[in-house]
Amino acid sequence: MQQILPKKEVKKLLGRYPNKDAALMPLLRAIQMKEGYISKEAEQYAAAILELHPSRVREVVAFYSMFREKPEGKHLILVCESISCALLGSETILEHLKKRLGIGIGETTADQHFTLETAECLACCDQAPAVMINDELFGPVTPEELDRILEEKQKAVDSGQ
Ligand code: FES
């Protein structure tokens, strides 16, 4: 089985919890930090380390939306769907992005450059409709402005930045 985390890190992590079941969430978080998502192999790995039935790990990964089951693109695009942004056109923004990128919510473009997600309030309601790309906030955005931003991001990926 593939060794995802260094043995020393796993030992340290397990030492912080009273039992192996309690270490499941932190272990999955550590795996996701390293790999970007939780693969089927990673689920097997976590189950083996914690001596849990693989179905228990599957259940946790499937239940908590914080765990990604597919690799994320280089740029994670979050479109705010909360009230201020919804009133000022987040639906139009989302539809524009779906069409432009050719993907749905929770999906990643085939070139692995962009992942599209919706989000709750991004805490910049005065800039609605707001979009976050990785850790950068944009708002208020229009479809045209997003096209320009995405072209810049695409160029950055193409040039290896
Ligand atoms: S409602 Fe969109 S940023 Fe607050």
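This structure is a prediction, so every number in the text was calculated from the model and none was measured.

A.B. asks: What exactly am I supposed to notice about the packing of helix α6 (residues 90–101) against helix α7 (residues 143–158) here?
C.D. replies: Each pair of packed helices gets described by two things: the angle between the helix axes and the distance between those axes. Following both chains from N to C, one finds α6 and α7 inclined at 40°, their axes separated by 10 Å at the closest point. By the angle class used here, α6 and α7 are oblique. As for how α6 packs across α7, the hand of that crossing is right-handed. Residues T92, I93, H96, L97 and R100 of α6 form the contact with α7, whose own contacting residues are P143, L146, D147 and L150. Residue composition of the contact of α6 with α7, by class: five nonpolar, two polar and two charged.

A.B. asks: I keep staring at the domain arrangement of the protein chain and nothing clicks. Help me out?
C.D. replies: Many descriptions give the size of an interface as the accessible area lost when the pieces come together. According to the domain assignment, the protein chain contains domain 1 (7–63) and domain 2 (75–158). If you average the C-alpha positions of domain 1 and of domain 2, the two centres end up 31 Å apart.

A.B. asks: Any chance you could explain the sheet that holds strand β3 (residues 131–133) here in plain terms?
C.D. replies: Ordered in space as β2-β1-β3-β4, the four strands form an open sheet in which the pairing is mixed. On the outer flanks of this sheet lie β2 (114–119) and β4 (136–138), each paired with one strand and no other. On average, adjacent strands in this sheet sit at an angle of 20° to one another, irrespective of strand direction. In this sheet, β4 lies alongside β3 in antiparallel orientation, the contact comprising three bridges. Its bridge partner being in β4, I133 is matched across the sheet by E136. Across the sheet, α6 lies against β1 (75–80), β2 and β3, angled at about 150° from β1, the strand it touches most.

The rules we used
Residue numbering note: each chain is counted from 1, following its sequence as written. Totals for whole chains, interfaces and linings use every residue, but because this is a predicted model, local features are given only for residues with pLDDT of at least 70 and side-chain atom pairs only at 80 or more, for both listing and counting. Axis definition: a line fitted to C-alpha atoms, limited for helices to the stretch in contact. Angles are taken between N-to-C directions and run from 0 to 180 degrees. Counting from the N terminus, the helices are the DSSP runs of H or I reaching at least four residues and the strands are the DSSP runs of E reaching at least two. Note on terminology: angles under 35 degrees are roughly parallel, angles over 145 are roughly antiparallel, angles of 65 to 115 are roughly perpendicular, and the others are oblique. The handedness criterion is simple: a crossing whose near helix is rotated anticlockwise from the far helix by less than a right angle is left-handed, and one whose near helix is rotated clockwise is right-handed. Note that contacts rest on C-beta atoms placed from the backbone: two residues are in contact if these are within 7 Å. Residue classes follow a fixed rule: Ala, Val, Leu, Ile, Met, Phe, Trp, Tyr, Cys and Pro count as nonpolar, while Asp, Glu, Lys and Arg count as charged, and any other residue, Gly among them, counts as polar. The source of the domain bounds is an automatic or database domain assignment. A pair of strands is labelled paired if DSSP reports no fewer than 2 bridges between them.

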